[in-house]
Amino acid sequence: MRKTLAQTTVIKGIGLHTGAPAVMTFKPAENGITFLRTDIAGAKPIIADVFHVGSTLRGTNLKNDTAEVCTVEHVLSALHALGITDVCVEMDGPEPPVTDGASDVYADAFLQAGLRELSAEQPLLDIKRTITYTSGNISYSATPADKLTFTFVYEHKHPLVSHLEYTLEFTPENYMNEIARARTFGFEEELEFLKAHGLAKGGNLENAVIIGKDRFLNERRYPDEMVRHKLLDLIGDISLTKHKLPPLTIVCRGGGHKHNVIFAKILLANKEEKGW
C-alpha cells in the first residue's frame, strides 16, 4: 500500500553545493512526492519523477516551469527505503540540508514522525525479462529474481578506491543498517574546481569523505563507504519511476546520477510499452 507520514517533521541546515540555508518541512500527503519552493512567489509543486529531472550535475535536480530544487537524491533515497510514496516537501531554499552527508538524518526523522498507510496501492514496476543499458564502460541491468537486490561496482583510477563493490538485499532494515549512514565523497584534487564553479560550498570533513593523493583526509564510517553511498544515490534516483520495484537483481557498474535517471526511464518505458 502507499504510505505517507503520520505527522509533519522539519529538518534544517545548509545545502551541500549551494551552502544556502534551508528549512525542509515534510507534510503528510496523498498525491505522490512533491517539492514546493515556499521562497518563490507563485511556485508550483514539483513532481518527483523522471520527467521533472532538470539536470544531473553533481546531484539530481528537479524542476518545473516555476522553480527548481537541487540535490534531492538523499531525501528521495530515505523516502523510498522506508516505503514512503506520498509527502509534500516544502523548502524555503534551493537545496536540502546536507546534514551529515548521508540519508540517516532524514530516515530517522521520518521514522520518528511515524508512517501512515493509505488506502491506495502503489503501482508495481513489473519487469518480466532482463533489461540492460550501457554507455561506454558504464552498464546497468535488472533481472527478475526471487528478492530485490542492488549491486554497485565502483571503479576509479585512484589507487585507494580502484575497485569497490557492494550488494544490498533491499529491505528497510538492511538499508538503515548498511546504507543510510554512508556519506557523500570527493577527491581532494577536485575541491578547488568545485568551489570555483560554485559547488561544494556546504561540504566539509564532517559530511563528506575526502580522498587525498595517498590517504583519506578523514575517518570513514565503513572501509567501503564510497560505494555504499553510490548505492544510496542509485536508490534515490530509481525511486523517480514512482513505482514499487518487484524482486529484481539490479547491477550497476560505474555510472552516476545522469545514467541512474536514464536507466530509471528505460525501466519505466519497458513497463509501459509492453503493457506489463
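Structure's up top.
These remarks concern the structure in this document. (Residues numbered from 1 in each chain as written. Predicted model: local features only at pLDDT ≥ 70, side-chain atom pairs only at ≥ 80, totals over all residues. Heavy atoms only, no water.)

1. Some words on the sheet that holds strand E2 (residues 9–14)
Taken together, the 5 strands give an open sheet; going across it, the order is E2-E3-E9-E4-E5, and neighbouring strands pair in mixed fashion. The open sheet terminates on both sides in strands that have one partner only, identified here as E2 and strand E5 (46–47). The strands touched by helix H2 (residues 104–113) are E2 and strand E3 (21–28); relative to E2, the strand with the most contacts, the crossing angle is about 160 degrees. (Pairing = 2+ DSSP bridges. Helix = DSSP H or I, 4+ residues; strand = E, 2+ residues; numbered from the N terminus. Contact = heavy atoms within 4.5 Å. Axes fitted to C-alpha atoms, helices over the stretch in contact; angles between N-to-C directions.)

2. With respect to the packing of aromatic side chains
Summed over the entire model, instances satisfying the criterion amount to 7 aromatic pairs. Geometrically, the ring pair formed by Phe26 and Phe110 is edge-to-face, given 4.9 Å between the ring centres and 70 degrees between the ring planes. In this pair, Phe26 sits in strand E3 while Phe110 sits in helix H2, placing the two residues 84 residues apart along the sequence. The interplanar angle of 40 degrees and the centroid separation of 6.5 Å between the aromatic rings of Tyr106 and Phe110 together place this pair among those described as tilted. Here Phe110 and Tyr106 lie together in helix H2, a separation of 4 residues that amounts to about one turn. As far as burial versus exposure is concerned, Tyr106 and Phe110 are alike and both buried. Across from the ring centre of Tyr222, 4.0 Å away, lies the NZ or CZ of Arg228, which sits over that ring. (Phe/Tyr/Trp six-rings, centres within 6.5 Å; stacked < 30°, edge-to-face > 60°. Buried < 20%, exposed > 50% of the residue type's maximum accessible area, 1.4 Å probe, protein only. Lys NZ or Arg CZ within 6 Å of the ring centre and 35° of its normal.)

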